[in-house]
Amino acid sequence: QVQLVESGGGLVQAGGSHTLSCVASGRTFSSLVAGWFRQGPGNEREFVAAISRSGTGTHYTDSVKGGFTISRDTAKNTVYLQMNSLKTEDTAVYYCAAKTRSALFTTSSNYDIWGQGTQVTVSS
């Protein structure tokens, strides 16, 4: 069973950039759709971005489109989330996840492997 560990959270100034990493144990990560979700204070967990098994297909929620980029490095069993032009409303705990079944990639319940989350705080 693959395990996911996020890293790279921290405090960043509004308008700045930040990158999150998610490293997976095992050698099966490349066969899974991977995604990033986030949960801000008082909010439900929401979809942020997803990447296909091959890494050639990506999808983003409208609020981060054009600012965030998801990518993966198969050799390193790692998925990244590059965040540019950060806003205070991007403050949240960010989770990486993977799903082993064919299902809608924007729905958190369709992912069955989750990291522990990493806090990103954007200050103005």
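Residue positions within a chain follow its written sequence, with the count starting from 1. Totals for whole chains, interfaces and linings use all residues, but because this is a predicted model, local features are given only for residues with pLDDT of at least 70 and pairs of side-chain atoms are given and counted only at 80 or more. To get the side-chain values, take all heavy atoms of the structure and skip hydrogens and water.

Draft legend 1. Highlighting the pairing of strand S1 (residues 4-7). A simple rule labels every residue: compare its accessible area, found with a 1.4 Å probe on the protein chains alone, to the largest value its type can have, and call it buried under 20%, exposed over 50%, or partly exposed in between. Elements are defined by DSSP. Helices are runs of H or I of four residues or more, strands are runs of E of two residues or more, and each kind is numbered from the N terminus. Residues Leu4 and Glu6 point to one face of S1 and are all buried, whereas Val5 and Ser7, pointing to the other face, are not buried. Note: two strands are recorded as paired if DSSP finds a minimum of 2 bridges between them. With four bridges connecting them, S1 and strand S3 (residues 18-24) associate as antiparallel partners. The residue bridging Ser7 from the neighbouring strand is Ser21, located in S3.

Draft legend 2. Just the state of the cysteines, in detail. Disulfides are defined as pairs of cysteine sulfur atoms found within 2.5 Å of each other. Considering all chains together, one arrives at one disulfide under this definition. Covalent S-S linkage joins Cys22 and Cys96, the inter-sulfur distance amounting to 2.0 Å. Taking the sign of the S-S torsion, 55 degrees for the link of Cys22 and Cys96, the bridge is right-handed. You can see Cys22 sitting in strand S3 and its partner Cys96 sitting in strand S9 (residues 92-99), a full 74 residues away along the chain. For the pair shown, Cys22 and Cys96 are each scored as buried.

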